[in-house]
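Structural features, examined
Chain by chain, the residues run as shown.
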Amino acid sequence: MKVYFIGAGPGDPELITVKAQKRINQCPIILYAGSLVPREILADVEESAELILDTASMNLDEIIEIMIQAKKDNKDVARVHSGDPSIYGATGEQMRRLDEIEIEYETIPGVTAVAASAAWLNKELTLSGVTQTIIFTRYEGKTPFPERERLPALAAVGATLAIHLGITRIHKIVEELIPFYGKDCPVAVCYRTSWPDEQKITSTLEHIVERVRAEKITRTALIIVGQVLNANEFDDSYLYDENKAHVYRPKLKPAKPRTVKR
């Protein structure tokens, strides 16, 4: 018996990996985060799975108890999370419990909200000469933050920022970022990326708060900040530079001059 922690992607049922879908289809017991995972993900097993349970209203003990019973019955469990289980998935605490009670588990990665939002925006988040770093973070709320991870410390790096779970405090986020990024720095707010009611707002740090409030976005939104969102002046990468050789494209040796006999 095994528990599979499965990344279902950002919402679009087509943005789930082939491996993840196979595991869902094979498991008789499915626990899914219904507030963030669309039921359409489970369309293939609606009639065949023994148990499909939305865990949105359950606590950790209740979730683990189902896994314990599944072990007694020797039945695999698909524990389906949104996005990728490794990022704000609350999977670590479940895994710790499973380690304690010796239940085997495996993680299947998924498409992150950051990747899906960047694709939706048609933006590359790392541009040569602009930034080579992306910082995934969240804004401080109920979860305590060490000083070194608070937003001003991260902003000092100047990298592209992907801020989760912070839309209700966007006014505070803007206040803390402007001293480092400037009022004109581009920002994108992506609400429910890849869902049917998805919405995106692109603006600057100076004006994003009023735009977000006008649209009444208060949850399930990713905030992306950085010059890469509106950069036209950046360097071509070395990857396809004809003057830069690498193992797959060795530099051609200059042709030897030909001697013409008379």
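Residues numbered from 1 in each chain as written. Predicted model: local features only at pLDDT ≥ 70, side-chain atom pairs only at ≥ 80, totals over all residues. Heavy atoms only, no water.

Thoughts on the pairing of strand 8 (residues 186–191)
Applied cut-off: The buried label goes to any residue with under 20% of its type's maximum accessible area, the exposed label to any with over 50%, and the partly exposed label to all in between, with areas taken from a 1.4 Å probe on protein chains only. Counting from the N terminus, the helices are the DSSP runs of H or I reaching at least four residues and the strands are the DSSP runs of E reaching at least two. In this description, strands pair whenever DSSP reports at least two bridges between them.
By the criterion of burial, strand 8 is predominantly enclosed, with six of the six residues buried. With burial as the criterion, each face of strand 8 is covered, one bearing Pro186, Ala188 and Cys190 and the other bearing Val187, Val189 and Tyr191. When strand 8 meets strand 9 (residues 199–204), the two strands line up antiparallel, connected through six bridges. Directly across from Val187, in strand 9, lies its bridge partner Ser203. Of the pairings in the sheet, the one linking strand 8 to strand 10 (residues 221–225) comprises five bridges and is antiparallel in character. Bridged to Cys190 within strand 10 is Leu222.

Regarding the sheet that holds strand 2 (residues 29–32)
To be explicit about the condition: Axis definition: a line fit to C-alpha positions, over the contact stretch in the case of helices; interaxial angles, taken between N-to-C directions, run 0 to 180 degrees. By definition in these notes, contact holds between two residues if any of their heavy atoms fall within 4.5 Å.
With parallel pairing, the five strands of this open sheet are ordered in space as 3-2-4-1-5. Only two strands of the sheet have a single neighbouring strand rather than two, namely strand 3 (51–54) and strand 5 (105–108). The mean inter-strand angle of the sheet, taken between neighbouring strand axes irrespective of direction, is 15°. Examined bridge by bridge, strand 2 and strand 3 share four bridges and lie parallel to one another. Bridging across to strand 3, Ile30 finds its partner in Ile52. Where helix 1 (residues 18–26) meets the sheet, its contacts fall on strand 1 (3–7), strand 2, strand 4 (77–81) and strand 5, and the angle it forms with strand 1 comes to roughly 140°.

Considerations on helix 3 (residues 92–100)
This is how it is decided: Comment: arc refers to directions from the helix axis out to C-beta atoms.
Those residues of helix 3 that fall on the buried side of the exposure criterion are Gln94, Met95 and Leu98. An end-on view of helix 3 places all buried positions within 100° of arc, on one side of the element. Of the exposed residues in helix 3, those oriented more than 90 degrees away from the buried face are Arg96 and Glu100. Buried residues along helix 3 sit in contact with strand 1, helix 2 (60–72), strand 4 and strand 5.

Structural notes on the pattern of salt bridges
Note the cut-off: By salt bridge we mean one thing: a side-chain nitrogen of Lys or Arg within 4 Å of a carboxyl oxygen of Asp or Glu.
Considering all chains together, one arrives at ten salt bridges under this definition. One salt bridge connects Arg39 with Glu46, and the closest N-O pair in it is separated by 2.7 Å. When the shortest N-O distance is used, the salt bridge between Glu140 and Arg150 registers 2.8 Å. Here Glu140 is found in the loop between strand 6 (134–138) and helix 5 (151–155), whereas its partner Arg150 is found in the loop between strand 6 and helix 5, with ten residues between them in sequence. Residue Glu140 is classed as partly exposed on the basis of its relative accessible area of 27%. Judged by its relative accessible area of 27%, Arg150 is partly exposed. Each of Lys2, Lys19, Glu104 and Glu106 takes part in salt bridges that share partners, so that together they form one network.

Some points on unusual backbone geometry
Within the chain, Tyr88 stands out as a residue other than glycine whose phi angle is a positive 50°. Along the chain, the position of Tyr88 falls in the loop between strand 4 and helix 3. With a phi angle near 60°, Glu102 is a residue other than glycine that sits in the positive phi range. For Glu102, the location among the structural elements is in the loop between helix 3 and strand 5.

Points about the side chain of Arg79
The condition is simple: Counted as positive: Lys and Arg. Counted as negative: Asp and Glu. His and the chain ends are not counted at all. Distance and chemistry together define a polar contact, namely a pair of N or O atoms within 3.5 Å, with one atom able to donate a hydrogen and the other to accept it when in protein, and with adjacent residues in sequence counting only for side-chain atoms on both sides.
With respect to the secondary-structure elements, Arg79 resides in strand 4. Look at Arg79: it is buried, it has no salt bridge, and the nearest opposite charge is Asp54 at 7.4 Å. A distance of 3.0 Å separates polar atoms of two side chains, one belonging to Arg79 and the other to Gln94. Those residues in contact with Arg79 that sit more than four places away from it in its chain are Val3, Tyr4, Phe5, Ile6, Leu31, Tyr32, Ala33, Thr55, Ile63, Met67 and Gln94.

Observations concerning the nonpolar core
Stated precisely, the cut-off is as follows: Among buried residues, those of type Ala, Val, Leu, Ile, Met, Phe, Trp, Tyr and Cys that are joined through side-chain atoms within 4.5 Å constitute a nonpolar core.
One finds Leu161, Ile170, Leu177, Val189, Ile208, Ile223 and Val225 to be the most contacted residues of the largest nonpolar core, which totals 27 residues. Residue assignment for this core shows that the elements contributing at least two residues are helix 5, strand 7 (160–164), helix 6 (170–181), strand 8, helix 7 (208–215) and strand 10. Considering every element that reaches this core, the biggest residue donor is helix 6, with five residues. Not counting the four nearest positions on each side in its chain, Leu177 is found in contact with Leu151, Ala155, Leu161, Ile163, Gly182, Leu205 and Val225. Residues Leu42, Ala49, Ala78 and Val80 belong to the second largest nonpolar core, which totals 19 residues.

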